[in-house]
Amino acid sequence: MRVVIDGDLCQGHGRCALVCPEVFDLDDEGHGVVVAESISDEMAPDVRQAIADCPERAISESEPSMASMDERE
Amino acid sequence: MTIEGHVTGSGDVLAGFNIYDPDLPAHFHDDLRLARQRCPVAHSEELGGYWLVTAYEDVKKVLSDPRTFISSEGIILGATEGMETNSLIETDPPLQRDFRRLLDRLFSRRHLESVEPAIREVAAGLVDGFVPAGRCEVMRDYAGPLTAAVLSTLVFGLDWETNREAILETAEAVEATSQNNGEAAFEARGVMDALARRLVAERRSSGESRDDIIDALITGSVAGRPLTEDEIVGNLTLFVGAGLDTTKAVIGSIAVWMVEDPAIEERLRDPAWTKRDLDEFLRLASPVTGVGRTVTADVVVGGRRLTAGDKVWALCSSANRDEGVFDHPDEIDFDRPRNPHVAFGMGVHRCIGSNLARLQIGVAFEALLTRVRGIRLEPGAEIAYSPGVVRHPVSVPVTFEAR
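Residues numbered from 1 in each chain as written. Chains lettered and ligands numbered in written order. Predicted model: local features only at pLDDT ≥ 70, side-chain atom pairs only at ≥ 80, totals over all residues. Heavy atoms only, no water.

S.K.: I would appreciate a short explanation of the overall build of chain A in the present structure.
M.R.: For chain A, the count of helices and strands is three helices and four strands. Traced from its N-terminal end to its C-terminal end, chain A shows the element sequence β-α-β-β-α-β-α. When each of the 73 residues of chain A is scored for burial, the buried share is 47%. The contacts in chain A between residues at least 6 apart in sequence include a share of 57% that link residues at least 24 apart. When the accessible surface of chain A is totalled, it reaches about 3700 Å², and 48% of it is carbon and sulfur. (Helix = DSSP H or I, 4+ residues; strand = E, 2+ residues; numbered from the N terminus. Buried < 20%, exposed > 50% of the residue type's maximum accessible area, 1.4 Å probe, protein only. Contact = heavy atoms within 4.5 Å. Areas by Shrake-Rupley, 256 points an atom, 1.4 Å probe, with all protein chains shown as cover.)

S.K.: Can you walk me through the sheet that holds strand β3 (residues 69–70) of chain B in this structure?
M.R.: Two modes of strand pairing occur in sheets, parallel and antiparallel, and in both the strands are linked by backbone hydrogen bonds. Residues and elements named next belong to chain B. Spatially, β1-β2-β10-β7-β3 is the arrangement adopted by the five strands of the open sheet, whose pairing is mixed. The sheet is open, and its two edges are formed by β1 (41–44) and β3, each paired on a single side. Of the pairings in the sheet, the one linking β1 to strand β2 (residues 50–53) comprises four bridges and is antiparallel in character. Each residue of the ladder has a partner; that of valine 41, found in β2, is valine 53. Lying over the sheet, helix α2 (residues 56–63) contacts β1, β2, β3, β7 (291–295) and β10 (311–314), oriented at roughly 125 degrees with respect to β10. (Pairing = 2+ DSSP bridges. Axes fitted to C-alpha atoms, helices over the stretch in contact; angles between N-to-C directions.)

S.K.: Would you mind going over the nonpolar core with me for this structure?
M.R.: Within soluble globular proteins, side chains that are nonpolar generally end up buried alongside one another. All names here are of chain B. Membership of the largest hydrophobic core comes to 87 residues, with the highest contact counts inside it found for Leu236 and Ile254. Ranked by residues supplied to this core, first place goes to helix α10 (residues 229–260) with 15 residues. Leave out the neighbours within four places in its chain, and leucine 236 touches Val155, Phe156, Ala196, Val200, Ile213, Ile214 and Leu217. With 21 residues, the next largest nonpolar core counts Val41, Trp51, Tyr56 and Val62 among its residues. (Core = buried A, V, L, I, M, F, W, Y, C linked by side-chain atoms within 4.5 Å.)

S.K.: What is the right way to look at the interface of chain A and chain B in this model?
M.R.: Interface size is often expressed as the accessible area that is lost when the parts come together. With 21 residues of chain A in contact, the opposing surface of chain B contributes 26 residues. For the pair chain A and chain B, the summed buried surface comes to about 2100 Å²; carbon and sulfur atoms form 40% of the total. Seen at the junction of chain A and chain B, the total is four salt bridges. Notably, a salt bridge pairs glutamate 57 of chain B with arginine 57 of chain A, separated by 2.5 Å at the nearest N-O pair. Taken together, the connections running from chain A to chain B amount to 14 residue pairs in polar contact (both at pLDDT 80 or more). (Buried area = accessible area lost by both parts, 1.4 Å probe. Salt bridge = Lys/Arg side-chain N within 4 Å of Asp/Glu carboxyl O. Polar contact = N/O pair within 3.5 Å; in protein donor to acceptor, adjacent residues only side chain to side chain.)

S.K.: Is there a simple way to explain the packing of aromatic side chains in this structure?
M.R.: Any two aromatic rings considered together are summarised by their centre-to-centre distance and by the angle between their planes. All names here are of chain B. By the definition in use, this model includes nine aromatic pairs over all chains. Plain terms: the ring middles of phenylalanine 130 and tyrosine 142 are 5.4 Å apart, the flat faces sit at 80 degrees to each other, and that makes the pair edge-to-face. Highlighted residues: phenylalanine 130 in helix α5 (residues 116–130) and tyrosine 142 in helix α6 (residues 138–154), separated in sequence by twelve residues. Given a relative accessible area of 3%, tyrosine 142 falls into the buried group. Ring geometry for tryptophan 273 against phenylalanine 365: centres 5.9 Å apart, planes inclined by 90 degrees, an arrangement best described as edge-to-face. Here tryptophan 273, found in the loop between α11 (262–268) and α12 (277–285), pairs with phenylalanine 365, found in helix α14 (residues 354–371); they are 92 residues apart in sequence, far enough to count as distant. The burial state of tryptophan 273 is the same as that of phenylalanine 365; both residues are buried. Three or more aromatic residues link up through ring pairs in this structure, and these residues are Trp257, Trp273, Phe281, Phe334 and Phe365. We note arginine 391 situated over the ring of tyrosine 385; from NZ or CZ to the ring centre the distance is 4.5 Å. (Phe/Tyr/Trp six-rings, centres within 6.5 Å; stacked < 30°, edge-to-face > 60°. Lys NZ or Arg CZ within 6 Å of the ring centre and 35° of its normal.)

S.K.: Explanation requested: the pairing of β2 of chain B in the structure shown.
M.R.: In the case of a regular strand, side chains alternate between the two sheet surfaces. Residue and element names in this part refer to chain B. Residue alternation in β2 divides its side chains into two sets, Tyr50 and Leu52 and Trp51 and Val53, and both sets are buried. Remark: five residues form the turn of the hairpin made by β1 and β2, two consecutive strands paired antiparallel; leucine 47 in that turn has positive phi of roughly 50 degrees. With three bridges connecting them, β2 and β10 associate as parallel partners. Each residue of the ladder has a partner; that of valine 53, found in β10, is alanine 314.

S.K.: Just to check I follow, could you spell out the sheet that holds strand β12 (residues 397–402) of chain B for this structure?
M.R.: Residues and elements named next belong to chain B. Spatially, the three strands line up as an open sheet ordered β4-β12-β11, and their pairing is antiparallel. Every interior strand has two partners, whereas the edge strands, β4 (135–137) and β11 (372–377), have only one. With direction set aside, neighbouring strand axes in the sheet form an average angle of 30 degrees. Note that β11 and β12 share four bridges and pair antiparallel. Its bridge partner lying in β12, leucine 377 is registered against valine 398. Helix-sheet contacts for α6 involve β4 and β12, and the interaxial angle to β4 is about 70 degrees. Sheet strands in contact with α14 are β11 and β12, and its direction is about 105 degrees off that of β11.

S.K.: Looking at this model, I keep getting lost on α10 of chain B. Mind explaining?
M.R.: Since the α-helix packs 3.6 residues into each turn, any two residues three or four apart lie on the same face. Its 32 residues place the ends of α10 of chain B 47 Å apart at the C-alpha level, agreeing with the 46 Å of an ideal helix rising 1.5 Å per residue. Counting buried positions over the 32 residues of α10 of chain B gives 28, a clear majority of the element. (Expected span 1.5 Å × (residues − 1).)

S.K.: Sorry, what's going on with helix α2 (residues 44–53) of chain A here?
M.R.: If you check which residues of α2 of chain A are buried, you get Ala44, Val47, Gln49, Ala50 and Asp53 of chain A. Residues of α2 of chain A that are buried in the fold lie against β1 (2–5), α1 (15–19), β2 (24–26) and β4 (59–63) of chain A.

Distances and angles like these do not, on their own, reveal function.
This is the structure:
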């Protein structure tokens, strides 16, 4: 699973870094940064929470997890 | 469109919706639920006439489009003339973005780490002051002085201990500005304004340079030019004013939930509470009931046609209870699958102080719960909420045991 933050949409609420600090950090201005190259299946629920909690809908999955790809088949 | 009938039977709820109405708090959320169900974009005749936007997606639409819904014609409904803030909150992009670029770093979580020890010290000192009595009034004895100390130290660069009285007086004056925006509010603004101007002049003549908000405003530039004196002073007074009642309101609201349910006191003892639980409290407390905008071009919101020049009140506190986004929205649920609340607003004007608010709230409860347990509401006390733009419990008298 991979995620990406849309820098134009991000307004620095910081929710992602609170919910999933292993994957999201905040830069000096308080905007979200993805710090994990790829995300394990264990982390996926927290990452999905972060995506759901962003009031700006600034985070999206750029590459779905292996688990969800299996579901599609 | 008017809504006849009212949950307490008094008719025409939304046409007469006025955030400053002293009778509103008792049925505030009932009225908003009614609006969301029957007329999500309703017109109120009060305060010069405005559209009341209550559904999450509609509030989002308004706050995501700063070109159609501008802030530079005022964000407080029914504001007295002369109450313009000359601050970033009443500025539109692109200028507004320059202000944020100048200031965001100083309100970032990373930068605020350096002020955390000072906040802890103030909190511990306040708690020391009331623990022996076995009781306190959370708003007056704790949340009020704490936020006043933090804001005046951080924003005005004042020393808390030597300026305590003046700071507390200023904080009380600020409360008036939320309640009714009348004469008292105008005077309070004047007091803060004068104080800010004096501090700026003192900093300039001291030749001192610090990595703080006053310095950033004095030395920084927006739109390729230095800030005007009005902009410097306007932003300083905004940060103090906007940061006081709001953070205080959340501390008070959480205290209310805590005394209503002892399981919550235990939950707050887990340091992890600020990572998830706090956002559920924020969603429900949502002390900034809403923000105002002015329409620049005809636009449809929630099926209603708004005309250029119309005033809009985007009710964030209502969006936060939208049944379409939050299941059982009026209940505390720390395990919500999604909580994209807009208690700190959203869009380009997302509350610049959100990290500072979170920090103060976390420290406030940690300092309190380190020293006391068994926090209960004073027998016979009743909780009432304030009218006004910032909704907070008026008084939270509690008893406790020292640990």
